[in-house]
Amino acid sequence: MGEHVLPGDPPLTVALRRSDRARRITLRVSHRDGRVTLTLPRRTPETEALAFLQAREAWVRGHLEQVAPARPVRLGGSLPYLGREIALRPGPVRRATLDGDTLLLPDDAARAPARIMAFLKDRARDRLSAAVDRHAAALGRPVRRLSLRDTRSRWGSCSARGDIMLSWRLVMAPPEIGDYVAAHEVAHLAEMNHSAAFWAVCARLYPDHRAARDWLRTRGDSLQRIEFSVPAPAPTPAETLA
């Protein structure tokens, strides 16, 4: 649908979207990047949704104040990997190479974030595919396809056809967290819901699921705030005057 700018200090840009599945108007503030989304049912007038937004402006601004700043990935910094902090250092290597608690990278600051992301995705695929295969074998249900994505609102999903999607960012969490999410999505192969029957299957595959869910609820946002993009260079004086 586009965007709406809510006047104020500062003005707030709100993404508007319609959904056939929505039953009521909803507002969401992303703890990952502060993005504000106003979702309305297909037949709801836009004027009604904007009035809803205006009435809850204080709520939106209050939540935005709680959003922590992004944590950029850079050569010389650090990031979590399997639940521990690893240093990101230049070294005599051609590709990202893990050496103890240090990830060695070619001495190229501009390409470092992309190289680090590729390293994490590669390790995530190895670990998460192994976890999915293990839990699927224990359940006796086949997985049609596994894909890794960078999702904002959920750590994984399972379709009725047996396709499982997991967030590659899980490789930054302690190993048991990714293992739990893999078990959770595999459990949906048997129960496509969150009923008591589903949680019984989940507990059979991963008994300590409550602790893992608590970790994601309280600390998962910290993984979502890690930023792998390279900031654009500042304009030169000549470009500023043009």
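Residues numbered from 1 in each chain as written. Predicted model: local features only at pLDDT ≥ 70, side-chain atom pairs only at ≥ 80, totals over all residues. Heavy atoms only, no water.

(A) Structural view of helix H1 (residues 46-55). Here H1 has its buried residues at Ala 49, Phe 52 and Leu 53. Angular distribution of buried residues about the axis of H1 spans 100°; they occupy a single face of the element. Exposed side of H1, more than 90 degrees from the buried face: Thr 47, Gln 54 and Ala 55 are the residues found there. The secondary structure elements touched by the buried residues of H1 are strand S1 (2-6), strand S2 (12-19), strand S3 (26-29), strand S4 (36-41) and helix H2 (57-65). (Buried < 20%, exposed > 50% of the residue type's maximum accessible area, 1.4 Å probe, protein only. Helix = DSSP H or I, 4+ residues; strand = E, 2+ residues; numbered from the N terminus. Arc of directions from axis to C-beta. Contact = heavy atoms within 4.5 Å.)

(B) Here's a closer look at the sheet that holds S1. Read across the sheet, 4 strands follow the order S1-S2-S4-S3 without closing on themselves; strand pairing throughout is mixed. The strands lining the two open edges of the sheet, one partner per strand, are S1 and S3. Mean inter-strand twist for the sheet, computed between neighbouring axes without regard to direction, equals 30°. Where S3 meets S4, 4 bridges bridge the pair, whose relative direction is antiparallel. Directly across from Arg 28, in S4, lies its bridge partner Thr 37. Here H1 sits on the sheet in contact with S1, S2, S3 and S4, set at roughly 140° to S4. Its contacts with the sheet put H2 on S1, S2, S3 and S4, and the angle it makes with S3 is roughly 20°. (Pairing = 2+ DSSP bridges. Axes fitted to C-alpha atoms, helices over the stretch in contact; angles between N-to-C directions.)

(C) Just the packing of aromatic side chains, in detail. Taken as a whole and assessed by the stated rule, the structure comprises 4 aromatic pairs. Arranged with centres 5.5 Å apart and planes meeting at 65°, the rings of Trp 168 and Phe 228 form a pair that is edge-to-face. Of this pair, Trp 168 sits in the loop between strand S12 (163-167) and helix H4 (175-187) while Phe 228 sits in the loop between strand S13 (226-227) and helix H7 (237-241), placing them 60 residues apart in sequence. For the pair Trp 168 and Phe 228, a shared accessibility class is recorded, and that class is buried. Over the aromatic face of Trp 199 sits the side chain of Arg 213, whose NZ or CZ is 4.1 Å from the ring centroid. (Phe/Tyr/Trp six-rings, centres within 6.5 Å; stacked < 30°, edge-to-face > 60°. Lys NZ or Arg CZ within 6 Å of the ring centre and 35° of its normal.)

(D) A look at a positive patch on the surface. Together, Arg 21, Arg 23, Arg 149 and Arg 154 line one region of the surface with positive charge. By the element assignment, Arg 149 lies in strand S10 (residues 145-149). Owing to a relative accessible area of 49%, Arg 149 belongs among the partly exposed residues under this scheme. (Patch = residues over 30% accessible without salt bridge, like charges linked within 9 Å, V, L, I, M, F, W, Y side chains within 5 Å. Areas by Shrake-Rupley, 256 points an atom, 1.4 Å probe, with all protein chains shown as cover. Salt bridge = Lys/Arg side-chain N within 4 Å of Asp/Glu carboxyl O. Lys, Arg positive; Asp, Glu negative; His and termini not counted. Charge placed at Lys NZ, Arg CZ, Asp CG, Glu CD.)

These figures come from the coordinates and say nothing about function on their own.
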